[in-house]
Amino acid sequence: MAVIALKCPKVQVVVVDISTPRITAWNSDQLPIYEPGLDDVVKQCKGKNLFFSTDVEKHVAEADIVFVSVNTPTKTQGLGAGKAADLTYWESAARMIADVSKSDKIVVEKSTVPVKTAEAIERILTHNNKGINFQILSNPEFLAEGTAIKDLFNPDRVLIGGRETSGGQKAIAALRDVYAQWVPIDKIICTNLWSAELSKLAANAFLAQRISSVNAMSALCEATGADVTQVSQAIGKDTRIGPKFLNASVGFGGSCFQKDILNLVYICECHGLAEVANYWKQVIKINDYQKTRFVNRIVSSMFNTVSGKKVAILGFAFKKDTGDTRETPAIDVCKGLIGDKAKISIYDPQVQEEQITRDLALKKFPMSPTSVKQVACVWDAYEATKGAHGICILTEWDEFKLLDYKRIFDGMEKPAFVFDGRNVVDAEKLRKIGFIVYAIGKPLDAWLKDMPAVA
Ligand code: UGA
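As recorded by an unreviewed UniProt entry, the protein chain carries the name UDP-glucose 6-dehydrogenase and is attributed to Linum tenue. Under the heading Catalytic activity (unreviewed entry), UniProt records this for the protein chain: "UDP-alpha-D-glucose + 2 NAD(+) + H2O = UDP-alpha-D-glucuronate + 2 NADH + 3 H(+)". Recorded under Sequence similarities (unreviewed entry), the UniProt text for the protein chain is reproduced unchanged: "Belongs to the UDP-glucose/GDP-mannose dehydrogenase family."

Rendered as structure tokens:
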């Protein structure tokens, strides 16, 4: 919304939320999320044509276009638990819009929702009996965290789905005119509602599938002595495959990939397409396998036990340049190590201790109060690694490439291990210092070869 305000000075944008602390933060100089470049955009428009308010009903009533960007988490109970999207927030937003509206509106579905949600929302809105005309559009977002501003300034495409009626086409044109103020018209794709909704799920499923494919290859590379980076480079040169999203890792995280694939799986199952559902499920299974494999490597390399040993965790966010920890692989890796009684010391440049404590204590398997004491959060990589037996790199923060690894080595117990879950360090350089290094999908150290390590 901030980028729309920046690029369309004649459009008045009001961001509304029922959470007062959140809106207060947006109205302050300290924005509530870390996203490179966002500060600058907000600063340029705030108070001019970009406003943040808790007066939800007033601003919705006044608007011509309402973007709904509420949370749609995976359902935790009831029908479709563990797979289907929880649309509670979407439904109440739709009911509120129907209640407060006095004029015709275009309602834009911006949250990623299962296919055909728009139809349900349309029903809620059109049963308002007030003679108001609502047009529903699906306008899924393709930005990635950490590069959001860059992605929004120069999107690969903007997708707008709407009804094939004249009212629907008029609504599509109105939204297209907003984006056309900075996006080349040939990059604005207009489709029917269902295609737009499904395309969002499909795009994330395809992206996640690439990562699971390369991560599956990484296991084979380790077993056979190939180097996954070389394999990625070789296959990425094929223009049909392309070079992006081929970095092997400890696993993908983030709020979208797993949730969207689970949604896709649920939709397939609901339509009796068991084979298709299983096909996509496998993308998640490989992701879980990769995280387990990583933990097993650590434990087996360190003489099959990490009990009482200090392990430094460098990076907790699900990717660099964000403080977001939703579904981060670090949660599973830390839990695996804690389960094996390691003492972990975590450093991430953007994630607060409070968040880490919440993530490690509140997941599906609540931990005992004693296990919480096994976890320390520190504000410096050198502090985290002091006296440690091993280091795990779980987020590809640039600063981890620049650390003084000789200094770190000198302060660690020996043998000193580095487990690089993001292939960010120069493994050869570290080996020369004296580290035993495990890097995802790379030829194994002689030390690791002798250890049984398969998940
Ligand atoms: C993803 C999509 O990339 C966006 O297009 C989409 O709009 C967004 O979800 C969404 O649905 O909202 P995001 O989750 O922010 O964006 O981040 P990604 O850059 O896609 O990374 C996801 C995970 O995959 C991260 O944990 C990242 O480290 C991992 N990854 C990515 C790899 O392990 N290897 C790669 O080569 C690329």
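Asks: Would you mind going over the overall build of the protein chain with me for this structure?
Replies: In terms of helices and strands, the protein chain carries 19 helices and 13 strands. The C-alpha atoms of the protein chain give a radius of gyration of 24 Å, which matches the 23 Å a tight globule of 455 residues would have. Expressed along its principal axes, the backbone C-alpha trace of the protein chain runs to roughly 75 × 50 × 45 Å. Looking at the 455 residues of the protein chain, the share that counts as buried comes to 49%. In the structure as shown, the protein chain presents an accessible area of about 22000 Å², 55% of it carried by carbon and sulfur atoms. Computed over 56 positive and 53 negative side-chain charges, the separation of the two mean positions in the protein chain equals 2 Å.

Asks: Just to check I follow, could you spell out the packing of aromatic side chains for this structure?
Replies: Geometry of an aromatic ring pair is reported as the spacing of the ring centres plus the angle between the planes. By the definition in use, this model includes 14 aromatic pairs. Between Y179 and W182 the ring centres are 5.6 Å apart and the planes differ by 50°, which places this aromatic pair in the tilted class. Take Y179: its relative accessible area is 6%, and that puts it in the buried class. Summarising the aromatic geometry, the rings of F303 and W447 are spaced 5.5 Å apart at their centres and angled 80° between planes, so their arrangement reads as edge-to-face. With F303 in the loop between helix 12 (274-301) and strand 8 (310-314) and W447 in helix 19 (residues 446-449), this pair connects stretches of sequence that are 144 residues apart. Chaining the aromatic ring pairs together yields one cluster made of F294, F303, F417, F419, Y438 and W447. Above the ring of F153, the side-chain terminus of K7 is found at 4.2 Å from the ring centroid. Above the plane of the ring of Y382 lies R407, whose end atom (NZ or CZ) is 3.8 Å from the centre.

Asks: Any chance you could explain the sheet that holds strand 10 (residues 375-377) here in plain terms?
Replies: Strands belonging to one sheet form pairs held by backbone hydrogen bonds; the direction of such a pair is parallel or antiparallel. Strand order in the open sheet formed by six strands is 10-9-8-11-12-13, with parallel pairing between adjacent strands. The open sheet has two edge strands with one neighbour each: strand 10 and strand 13 (436-439). Across the sheet, the mean angle separating the axes of adjacent strands is 15° when strand polarity is ignored. Bridge count for strand 8 against strand 9 (residues 343-347) is five bridges, and the pairing is parallel. Each bridged residue has a counterpart across the sheet, and for I313 the counterpart in strand 9 is I346.

Asks: What should I look at first to understand the nonpolar core in this one?
Replies: Side chains that are nonpolar tend, in soluble globular proteins, to be buried together. One finds F294, L337, I344 and F435 to be the most contacted residues of the largest nonpolar core, which totals 62 residues. Of the residues forming this core, the biggest block, six residues, is contributed by helix 13 (residues 329-339). Leave out the neighbours within four places in its chain, and F435 touches I391, Y405, I408, F409, M412, A416, F417, V418 and L430. I4, L31, V41 and V108 belong to the second-largest nonpolar core, a separate cluster that totals 30 residues.

Asks: Help me understand the site of the ligand in this model?
Replies: In the vicinity of the ligand, 20 residues are found, and the nearest of them are L143, K200, S249, F318 and R422. Contact between the ligand and L246: an oxygen atom at 3.4 Å from a main-chain N or O atom of the residue. Here an oxygen atom of the ligand and a side-chain polar atom of K319 are 2.7 Å apart. Residue contributions to the shell around the ligand peak at four residues, all from helix 9 (residues 193-224). Of the residues that constitute the shell around the ligand, the class distribution is eleven nonpolar, four polar and five charged.

Asks: Explanation requested: the side chain of D260 in the structure shown.
Replies: When you line up the elements, D260 lands in helix 11 (residues 257-270). What makes D260 buried here is its relative accessible area of 0%. The contacts of D260, once residues within four sequence positions are left out, are T112, K200, L201 and N204.

Asks: For this particular structure, what's the right way to read the pairing of strand 6 (residues 158-162)?
Replies: Two faces belong to every sheet, and in a regular strand the side chains alternate between them. Taken across its five residues, strand 6 has five buried, putting it largely inside the fold. Two strands pair when backbone bridges link them, and strand 6 and strand 7 (residues 188-192) are joined in this way by five bridges, in the parallel orientation. In the strand pairing of strand 7, G162 is matched with N192.

Asks: Would you mind showing me how to read the pattern of salt bridges here?
Replies: Any two side chains of opposite charge can pair if their charged atoms end up close together. One pass over the full model with this rule turns up 24 salt bridges. Among the salt bridges present, the one from R240 reaches D238, with a minimum N-O distance of 2.9 Å. Exposure remark for D238: the relative accessible area of 25% places this residue in the partly exposed category. Counted as one network, the salt bridges with shared partners bring together K83, E269 and K281.

Asks: Even after reading the chapter, I still don't get helix 8 (residues 166-179), so can you show me in this structure?
Replies: Side chains of residues three or four places apart in an α-helix project in the same direction, reflecting 3.6 residues per turn. With 14 residues, helix 8 extends 20 Å between its outermost C-alpha atoms, agreeing within 8% with the 20 Å of an ideal straight helix rising 1.5 Å per residue. Inspection of helix 8 places G168, A171, I172, L175, V178 and Y179 among the buried residues, and these make up the whole buried set. Along the axis of helix 8, the buried residues cluster in a sector spanning 115°; they form a single face. Opposite the buried face of helix 8, at more than 90 degrees from it, the exposed residues are S166 and K170.

Asks: Would you mind showing me how to read the environment of A361 here?
Replies: Among the structural elements, A361 can be located in helix 14 (residues 353-361). When its relative accessible area of 27% is taken as the criterion, A361 is described as partly exposed. Sequence-wise, A361 and T126 are 235 residues apart; in three dimensions their C-alpha atoms are separated by 43 Å.

Asks: What exactly am I supposed to notice about unusual backbone geometry here?
Replies: The bulk of non-glycine residues show a negative phi, and the bulk of peptide bonds are trans. Cis geometry is adopted by the peptide bond preceding P415, which originates at K414 and carries an omega value of -5°. Its place among the elements puts P415 in the loop between helix 17 (405-410) and strand 12 (417-420). The residue F245 is not glycine, and still its phi comes out positive at about 60°. Mapped onto the secondary structure, F245 falls in the loop between helix 10 (228-236) and helix 11.

Cut-offs and rules
- Sequence order as written defines the numbering, with residues in each chain counted from 1.
- Local features in this predicted model are restricted to residues whose pLDDT is 70 or higher, and side-chain atom pairs enter the listing and the counts only when it is 80 or higher, whereas totals over whole chains, interfaces and linings include all residues.
- Note that water and hydrogens are dropped before the side-chain values are worked out from all heavy atoms of the structure.
- UniProt positions are given in the numbering used here, feature names are shortened, and annotations may be inferred rather than shown by experiment.
- A run of H or I in DSSP counts as a helix once it spans at least four residues, and a run of E counts as a strand once it spans at least two, with each numbered from the N terminus.
- The quantity called the radius of gyration is restricted to C-alpha atoms. Its globule counterpart is 2.2 Å times the number of residues to the power 0.38.
- Using a 1.4 Å probe on the protein chains alone, a residue whose accessible area is under 20% of its type maximum counts as buried, one over 50% counts as exposed, and one in between counts as partly exposed.
- Computed by Shrake-Rupley with a 1.4 Å probe, the accessible areas treat only the displayed protein chains as cover when residues are assessed.
- Counting rule applied: Lys, Arg positive; Asp, Glu negative; His and chain ends not counted.
- Lysine's charge is taken at NZ, arginine's at CZ, aspartate's at CG and glutamate's at CD.
- Aromatic rings from Phe, Tyr and Trp, taking only the six-membered ring of Trp, are treated as a pair when their centres fall within 6.5 Å; an angle between ring planes under 30 degrees marks them as stacked, one over 60 as edge-to-face, and anything in between as tilted.
- Throughout this description, the term charge over a ring refers to an Arg CZ or Lys NZ atom that lies within 6 Å of the ring centre and within 35 degrees of the ring normal.
- DSSP-based pairing: two strands are paired if at least 2 bridges between them are found.
- Orientation is described by axes fitted as lines to C-alpha atoms, over the contacting stretch for helices, and by angles from 0 to 180 degrees between their N-to-C directions.
- In these notes, a set of buried Ala, Val, Leu, Ile, Met, Phe, Trp, Tyr and Cys residues joined through side-chain atoms within 4.5 Å is what counts as a nonpolar core.
- By the convention used here, residues are in contact when the closest approach between their heavy atoms is within 4.5 Å.
- Nearness here has a simple test: a residue counts as near a molecule or strand if at least one of its heavy atoms is within 4 Å of that partner.
- Counted as a polar contact is a pair of N or O atoms within 3.5 Å, where, for protein atoms, one must be capable of donating a hydrogen and the other of accepting one, and residues adjacent in sequence contribute only when both atoms are in side chains.
- All amino acids are sorted into three groups, where Ala, Val, Leu, Ile, Met, Phe, Trp, Tyr, Cys and Pro are nonpolar, Asp, Glu, Lys and Arg are charged, and the leftover types, Gly among them, are polar.
- Note on definitions: salt bridges are taken to be side-chain nitrogens of Lys or Arg within 4 Å of carboxyl oxygens of Asp or Glu.
- Expected span of a helix, by definition, is 1.5 Å for each gap between consecutive residues, and there is one gap fewer than residues.
- Note that the arc is defined by the directions from the helix axis to the C-beta atoms.

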